[in-house]
Amino acid sequence: MKVHDKANPSRYLADENRYDTMKYRRCGKSGILLPLISLGLWHNFGFIDSAEKAGKISRKAFDLGITHFDLANNYGPPFGSAEETFGMILKKDLGVYRNELFISTKAGYDMWDGPYGNFGSRKYLITSLDDSLKRMGLEYVDLFYHHRPDADTPLEETMLALDHIVKSGKALYVGISNYDAERTADATRILAELRTPFIVHQARYSMLDRWVEKSLLDILEKEGKGMIAFSPLAQGMLTDKYLDGIPANSRAGRGMTYLEAKQVMQNLERVRALNNMALERKQKLSQMALSWILKDKRVSSVLVGVSSEEQLIENINCIDRINFSDEELKRIEQILK
Ligand SMILES: NC(=O)c1ccc[n+]([C@@H]2O[C@H](COP(=O)([O-])OP(=O)(O)OC[C@H]3O[C@@H](n4cnc5c(N)ncnc54)[C@H](OP(=O)(O)O)[C@@H]3O)[C@@H](O)[C@H]2O)c1
């Protein structure tokens, strides 16, 4: 239920019932519980986007029990602007609930000019997090990730930088992202020796990209680490939005290099078959695609990006139906073959 501050009606007060419907899952064997659905700020939070809409989406997410907000130094565009937008949202609305929020950021991709604004050096990771904290107006983040593996920097250097970041109080936990299974095992060993609170791997996982099933999920389970799935809707392909063509205001329609119209068309037949199946299950395709990931308990949370509150609500509602019959699972395998 929404309560309003009568003396200051424009002040945001979080919904009193925000923890009633969201479900939470333990992140590996750590002490942290994550909402089944987390909010990613890669798109729709940059200076090119509406700050007002970004605020609405964030407040709605928190009102519905989403405690985990995922950022990176380079989210925008321009780089850094998603963190600045989120900093403003924290300052105005969500910041008073800081202890209820689990905020992550990352460094690893191209961020600033010159030799120290990219990849996995100690210099880059530590200075990048300092900048991220300033942009968000935070003293610490809950989780800091190395965003991608770096073959040219010794893994020990990158892991020692993560360890230093925790010891200096700027992050409570650390994670890695986009590491393959072998490098994940090596990173786990080093961080275990250092006793660094490494809790999670963030990896791309959807019905259309299943590389984590080969061995990564097994390794993470064995080591007691969580897995957060990103791009679970394959950037919108696993929704009903492209069934009848490419809307101009969609990710593919806006001509973003991350999702090309060609890719959408290549997957259309499978997506149509999945959509029919979702309707039989009395779900939207987006909901079935998220439920399908969450059926695996090794996945701690799925990170969705949304361009509206309506999309967010639709996606969250998947949590009521994350069970699949054997027959349904077989049919999905046939469609995806
Ligand atoms: N670690 C990494 O390297 C990495 C990489 C990528 C992403 N991530 C993280 O993962 C988060 C999610 O990634 P993503 O944005 O690619 O995820 P996604 O959930 O697969 O795609 C999000 C897009 O799908 C569309 N969408 C979402 N819900 C919809 C619905 N119910 N109906 C119709 N369309 C819907 C929207 O596109 P429209 O704009 O077309 O409406 C939305 O922007 C990111 O924000 C980021 O935090 C991490």
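In this convention, every chain numbers its residues from 1, walking through the sequence in written order. In keeping with the predicted nature of the model, local features appear solely for residues at pLDDT of at least 70, side-chain atom pairs appear and are counted solely at 80 or more, and the whole-chain, interface and lining totals rest on all residues.

### A few points about the overall build of the protein
The cut-off we apply is this: To qualify as a helix, a DSSP run of H or I must reach at least 4 residues; to qualify as a strand, a run of E must reach at least 2; elements of each kind are numbered from the N terminus. In this treatment the radius of gyration is a C-alpha quantity, and the globule benchmark scales as 2.2 Å times the residue count to the 0.38 power. By the criterion used throughout, residues are in contact when their C-beta atoms, derived from the backbone, lie within 7 Å.
When you go through the protein residue by residue, the secondary structure sums to 10 helices and 10 strands. For the protein, whose C-alpha radius of gyration is 20 Å, the value lies close to the compact-globule estimate of 20 Å for 337 residues. Each of the three principal axes of the protein carries a C-alpha extent, and together these read 55 × 50 × 40 Å. Within the protein, contacts between residues at least 6 apart in sequence are counted, and of these 75% link residues at least 24 apart.

### Digging into the pairing of strand β5 (residues 102-107)
Cut-off, in case you're wondering: Comment: burial labels come from other C-beta atoms within 10 Å of the residue's own C-beta, placed from the backbone, where a count of 20 or more is buried, 12 or fewer is exposed, and between is partly exposed. A pair of strands counts as paired when DSSP detects no fewer than two bridges linking them.
With 6 of 6 residues buried, β5 is to be regarded as a mostly interior element. Burial along β5 is two-sided: F102, S104 and K106 facing one way and I103, T105 and A107 facing the other are all buried. Here strand β4 (residues 68-70) runs beside β5; their pairing, made up of 3 bridges, is parallel. For H68, the partnering residue across the bridge sits in β5 and is F102.

### Digging into the environment of D163
Along the chain, D163 turns up in helix α4 (residues 155-167). Taking the C-alpha atoms as reference, D163 lies 8.0 Å from V174; in sequence the two are 11 residues apart. Among all residues touching D163, those that are not within four sequence positions of it are L194 and T196.

### Examining helix α5 (residues 181-194)
Given 3.6 residues to a turn, an α-helix orients residues that are three or four positions apart in the same direction. Note the threshold: Multiplying 1.5 Å by the helix residue count minus one yields the expected span of that helix. Along the arc lie the directions from the helix axis toward the C-beta atoms.
End to end, α5 covers 20 Å across 14 residues, agreeing with the expected 20 Å (1.5 Å per residue, within 8%). Taken as a whole, α5 has its buried residues at T184, A187, T188 and L191. Looking straight down α5, one finds that the buried residues subtend no more than 105° of arc, so they occupy a single side. For α5, the exposed residues lying more than 90 degrees away from the buried face are E182 and E193.

### Here we look at the site of the ligand
Let me state the cut-off plainly: Nearness here is judged by the C-beta atom: place it from the backbone, and if it falls within 6 Å of a molecule or strand, the residue counts as near that partner. All residues other than Ala, Val, Leu, Ile, Met, Phe, Trp, Tyr, Cys, Pro, Asp, Glu, Lys and Arg, Gly among them, are scored as polar; the first ten of these are nonpolar and the last four charged.
In the region of the ligand, 29 residues are neighbours, and G40, W42, F230, G236 and G305 sit closest. Only β10 (299-304) and α9 (309-316) provide two or more residues apiece to the shell around the ligand. For the shell around the ligand, the leading source of residues is α9, giving 3 residues. Here the residues of the shell around the ligand sort into 9 nonpolar, 16 polar and 4 charged.

### Some remarks on the nonpolar core
Selection criterion: A set of buried residues drawn from Ala, Val, Leu, Ile, Met, Phe, Trp, Tyr and Cys, joined through C-beta atoms within 7 Å, is what defines a nonpolar core.
Counting 88 residues, the largest nonpolar core has A229 and V302 as the members making the most contacts within it. The dominant element in this core, judged by the number of residues it contributes, is helix α8 (residues 285-294), at 7 residues.

### What to know about helix α2 (residues 81-94)
Listed in full, the buried residues belonging to α2 are A82, E83, T85, F86, I89, L90 and L94. The buried residues of α2 all sit within an arc of 160° when viewed along its axis, so they share a single face. On the buried face of α2, the contacting elements are α1 (51-63), β4, β5 and α3 (122-136).

### Section: the pairing of β10
For β10, a buried count of 6 out of 6 residues is recorded, marking the element as mostly surrounded by other parts of the structure. Looking at chain direction, strand β9 (residues 226-230) and β10 are connected through 3 bridges and run parallel. Bridge assignment links M227 to a residue of β10, and that residue is V299.

### Quick notes on the environment of L290
As for its position among the elements, L290 is in helix α8. Taking the C-alpha atoms as reference points, L290 and V304, separated by 14 residues in sequence, lie 9.0 Å from one another. Once residues lying within four places of it in the same chain are set aside, the contact partners of L290 are P232, V302, N315 and C318.

### Digging into the sheet that holds β9
Our working definition: Note on method: axes are straight lines fitted to C-alpha atoms, helices fitted across the in-contact stretch only, with angles between N-to-C directions ranging 0 to 180 degrees.
Spatially, the 8 strands close up into a barrel ordered β3-β4-β5-β6-β7-β8-β9-β10, and their pairing is parallel. Strand-to-strand twist across the sheet, computed as the mean angle between neighbouring axes with direction ignored, equals 30°. Across 3 bridges, strand β3 (residues 37-40) lies against β10 in parallel orientation. Within β10, the position partnered with S38 by the bridge is L303.

### Some details on the packing of helix α7 (residues 261-280) against α8
Spelled out, the test is: For classification purposes, angles smaller than 35 degrees are called roughly parallel, those larger than 145 roughly antiparallel, those between 65 and 115 roughly perpendicular, and all remaining angles oblique.
One can describe the packing of α7 onto α8 by two numbers: an axis separation of 8 Å at closest approach and a directional angle of 90°. Taken as axis vectors, α7 and α8 run roughly perpendicular relative to one another. Contacts from L274, N275 and A278 of α7 reach α8 at L285, Q287 and M288. Looking at the contact of α7 with α8, its residues break down into 4 nonpolar, 2 polar and no charged.

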